[in-house]
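Listed below are the residues making up each chain.
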Amino acid sequence: MFNKNIKLVIAALIIAYAVYQFIEGNIGNGIFLILLSSIFVFLYFRNEFILLAFLRMRKQDMPGTEKWLQKIKNPESSLTPKQQGYYNYLFGIIFSQKNLTQAEKYFRKALKLGLNMDYDVAMAKLSLAGIAMQKRRKREATTLLQEAKKLDKNNMLTDQIKMMQQQMKKI
């Protein structure tokens, strides 16, 4: 909705007004304004459209996910680098069903920008391994699968990794 820097400016102005309210003796108003400013600080670190896109993704609604992501007009200026990573990660998941070349581009960019969770990095590498396997790049797919296996600490992707390794033997 707002540029990331505008969110911080709004939070700073609300905090300044909260301090004024504390000085005036309106403690309740000041506390409420501090809580209100924390929403803008939270939205600086977690973009609202990416959060809504993840909710759509959870419901397996790919068109809805894409709709929320397309509301972010200029990702470089309105998102932090980690948010840009998740922006590209979500587009990679969407395009993995449509266009593998474009999905590969998005996944690589997401890995370059960085993702917070090891599971997300493992999932991106697993998806890249699948794309490399479909494009007959067996060596690259093998290394990506090994990296995904190392990152999957909770063993949530073991079935997919084993299935891909079985398919790799057929190549």
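Residues numbered from 1 in each chain as written. Predicted model: local features only at pLDDT ≥ 70, side-chain atom pairs only at ≥ 80, totals over all residues. Heavy atoms only, no water.

**So, unusual backbone geometry**
Spelled out, the test is: Think of it this way: any DSSP run of H or I at least four residues long counts as a helix, any run of E at least two long counts as a strand, and we number them from the N terminus.
One non-glycine residue, Q60, adopts positive backbone phi at about 60 degrees. By secondary structure assignment, the location of Q60 is in the loop between α3 (48-58) and α4 (62-70). Phi angles above zero are rare outside glycine, and R136 is one such case at about 65 degrees. If you trace the backbone, R136 turns up in the loop between α8 (118-134) and α9 (138-151).

**Side note on the pattern of salt bridges**
Quick note on the threshold: Whenever Lys or Arg places a side-chain nitrogen within 4 Å of a carboxyl oxygen from Asp or Glu, that contact is recorded as a salt bridge.
According to the stated counting rule, one finds ten salt bridges in the structure shown. Overlapping salt bridges bring together E104, R108, K135, R137 and E140 as one network.

**Some thoughts on the packing of aromatic side chains**
To keep it simple, the criterion reads: Between the rings of Phe, Tyr and Trp (Trp by its six-membered ring), a pair exists once the centres lie within 6.5 Å; its type follows the angle of the planes, with under 30 degrees stacked, over 60 edge-to-face, and the other angles tilted. Throughout, exposure labels follow a simple rule: accessible area from a 1.4 Å probe, protein chains only, divided by the maximum for the residue type, with under 20% read as buried, over 50% as exposed, and the rest as partly exposed.
In total, this model carries ten aromatic pairs according to the counting rule given. Taking 6.2 Å as the distance between ring centres and 65 degrees as the angle between the ring planes, the aromatic pair formed by Y89 and F107 counts as edge-to-face. Residue Y89 is located in helix α6 (residues 81-95), and its partner F107 is located in helix α7 (residues 100-113); the two are separated by 18 residues in the primary sequence. Each of the two residues, Y89 as well as F107, counts as buried.

**Some words on the nonpolar core**
To keep it simple, the criterion reads: Residues belong to one nonpolar core when they are buried, are Ala, Val, Leu, Ile, Met, Phe, Trp, Tyr or Cys, and are joined through side-chain atoms within 4.5 Å. Contacts: residue pairs with any heavy atoms within 4.5 Å of one another.
Core analysis: the largest hydrophobic core is formed by 39 residues, its most contacted members being I50, L69, Y89 and F107. Contributing elements (two or more residues each) for this core: α3, α4, α6, α7, α8, α9 and α10 (158-170). It is α8 that contributes the most residues to this core, nine residues altogether. Filtering out sequence-adjacent residues up to four positions away, Y89 remains in contact with F107, A110, L115, D120, M123 and A124.

**Here's the deal with the environment of S78**
Rule in force here: We call two N or O atoms a polar contact when they sit within 3.5 Å, provided that within protein one can donate a hydrogen and the other can accept it, with sequence-adjacent residues counted only if both atoms are side-chain atoms.
Along the chain, the position of S78 falls in helix α5 (residues 75-78). The contact partners of S78, leaving out residues within four places of it in the chain, are N3, K4, N47, I72 and Q83. At 2.8 Å, the side chain of S78 forms a polar contact with the backbone oxygen of N74.

**With respect to the side chain of K4**
Keep this limit in mind: Charged-residue counts in this description rest on Lys and Arg as positive and Asp and Glu as negative, His and the chain ends being excluded.
Its location among the elements puts K4 in helix α1 (residues 4-24). At 9.9 Å, E76 is the nearest oppositely charged side chain to K4, a buried residue that forms no salt bridge. Within the local environment of K4, its side chain forms a polar contact with the backbone oxygen of L79, the two atoms lying 3.4 Å apart.

**Re α9**
The criterion, for reference: Helices are assigned an expected span. That span is 1.5 Å times one less than the residue count. Summarising the geometry, the arc corresponds to the directions from the helix axis toward the C-beta atoms.
For α9, built from 14 residues, the straight-helix expectation of 20 Å at 1.5 Å per residue is met to within 8% by its first-to-last C-alpha distance of 20 Å. Along α9, the residues classified as buried are A141, L144, L145 and A148. The buried residues of α9 all sit within an arc of 105 degrees when viewed along its axis, so they share a single face. In α9, the exposed residues that point more than 90 degrees away from the buried face are R139 and K150.

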